[in-house]
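The chain contents come next:
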Amino acid sequence: YRRQRQMCIRDRNKMIRKNIFMDNLVWSDNRVRFGEDVCATAAAVYDSKSIYFTDVPVYYYRRRADSLTTVSFNTAEMENAVILLAAIEKLLTEKGYWNAFVRYKEQAWHIVYLLRKIIDGKAPAKAKKENLALLKRHTLVRDFDRKAAKPYITPKQYYAITALKSKLYPLLLALGKKN
């Protein structure tokens, strides 16, 4: 175990050689609070010479009640998403992997993630409506071209973003818990 720990960095679903991961820490952005490992991990995967898959569980993820993935929506998460998307774009452009598919997939994932945090959060209905309105007006959603993105994103993502951008976006609160 000790030898393995020195050689590899463990993530939720992958093990990466420590030297490859450490070489790619330059892609991390200290301003990112959630998803801070995304760029370094992606860069390490792109720089790996080989990748192996296994069905053997080597890591067990324990959810905590106070982790960022389980707490209610916070408006700072919208800016976090913008910073993270810019860092991902910079990384993948330099590595030669940035294209429309990746761009729209990443943007849609972040929008729907924020939308789910609002809908499923423990905030009162009034706060949820206010947060939905904030998200709808945010540049992340406002500038998202869902028609151009449609071939690249899932139907659920497309319809969720369409609903968010429409006049009927408060209905998402009523439908959210059911879907």
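Just so we're clear, the structure is a prediction, and the values are computed from it rather than from any experiment. By convention here, each chain's residues receive numbers from 1 onward along its written sequence. This being a predicted model, a pLDDT of at least 70 is required before a residue's local features are given, and a value of 80 or more before pairs of side-chain atoms are given or counted; all residues contribute to the totals for chains, interfaces and linings. Heavy atoms throughout the structure, all of them, feed into the side-chain values; hydrogens and water do not.

What follows deals with the nonpolar core. Formed by 28 residues in total, the largest nonpolar core has its most connected members in Leu114, Leu115, Leu135, Phe144 and Leu164. At the level of secondary structure, the elements contributing two or more residues to this core comprise α4 (76-95), α5 (100-120), α6 (125-137), α7 (139-142), α9 (155-165) and α10 (171-176). Helix and strand assignments come from DSSP, with helices taken as H or I runs of at least 4 residues and strands as E runs of at least 2, each series counted from the N terminus. In terms of residue count, α5 provides more of this core than any other element does, nine residues in total. Contacts are assigned to residue pairs that have any heavy atoms within 4.5 Å of one another. With sequence-adjacent residues up to four places away left out, Phe144 is seen in contact with Tyr104, Gln107, Ala108, Ile111, Thr139, Ala149, Ile153, Ile161 and Lys165. Working definition of a nonpolar core: buried Ala, Val, Leu, Ile, Met, Phe, Trp, Tyr and Cys residues. They are joined through side-chain atoms within 4.5 Å. Working definition: with a 1.4 Å probe on protein chains only, accessible area under 20% of the residue-type maximum means buried, over 50% means exposed, and in between means partly exposed.

Geometry of a packed helix pair, given as the angle between the helix axes and the separation of the axes. Fitted lines through C-alpha atoms serve as axes, helices being fitted only where they are in contact, and the angles separating the N-to-C directions of these axes extend from 0 to 180 degrees. Interhelical geometry of α4 versus α5 gives an angle of 165° and a closest axis separation of 11 Å. Here α4 is positioned roughly antiparallel relative to α5, judged by the angle of their axes. The crossing of α4 and α5 is right-handed. Across the interface between the two elements, Glu77, Met78, Ala81, Leu84, Leu85, Ile88 and Leu92 from α4 touch Val102, Glu106, Gln107, His110, Tyr113, Leu114 and Lys117 from α5. Charged residues are taken to be Asp, Glu, Lys and Arg, nonpolar residues to be Ala, Val, Leu, Ile, Met, Phe, Trp, Tyr, Cys and Pro, and polar residues to be all remaining types, Gly included. Partitioned by chemical class, the residues of the contact of α4 with α5 number nine nonpolar, two polar and three charged. Angle categories are assigned with fixed cut-offs, so that under 35 degrees is roughly parallel, over 145 is roughly antiparallel, 65 to 115 is roughly perpendicular, and the rest are oblique. By convention the crossing between two helices is left-handed if the near helix lies anticlockwise of the far one by an angle smaller than a right angle, and right-handed if it lies clockwise.

A cluster of nonpolar side chains, Val45, Ile51 and Phe53, forms an exposed patch at the surface whose accessible area comes to about 340 Å². Mapping Ile51 onto the fold places it in the loop between α3 (38-47) and α4. A patch is a set of surface residues, each over 30% in relative accessible area and not in a salt bridge, joined within 9 Å for like charges and within 5 Å for the nonpolar side chains Val, Leu, Ile, Met, Phe, Trp and Tyr. Every accessible area reported is derived by Shrake-Rupley at a probe size of 1.4 Å, with residue values counting cover from the shown protein chains alone. Each reported salt bridge corresponds to a side-chain nitrogen of Lys or Arg within 4 Å of a carboxyl oxygen of Asp or Glu.

Glancing now at the packing of aromatic side chains. Two descriptors summarise a pair of aromatic rings, namely the distance from one centre to the other and the angle between the planes of the rings. Pairing of aromatic rings covers Phe, Tyr and Trp, the last counted by its six-membered ring, and requires centre-to-centre distances within 6.5 Å; plane angles under 30 degrees mean stacked, over 60 mean edge-to-face, and any other angle means tilted. Tallying each qualifying case throughout the model produces six aromatic pairs. Ring pairs connect the aromatic residues Phe101, Tyr104, Phe144 and Tyr152, which therefore count as one cluster. Here the guanidinium or amino end of Lys150 rests over the ring plane of Tyr158, the centre of that ring lying 4.7 Å away. Our definition puts a charge over a ring when NZ of Lys or CZ of Arg is within 6 Å of the ring centre and also within 35 degrees of the ring normal.

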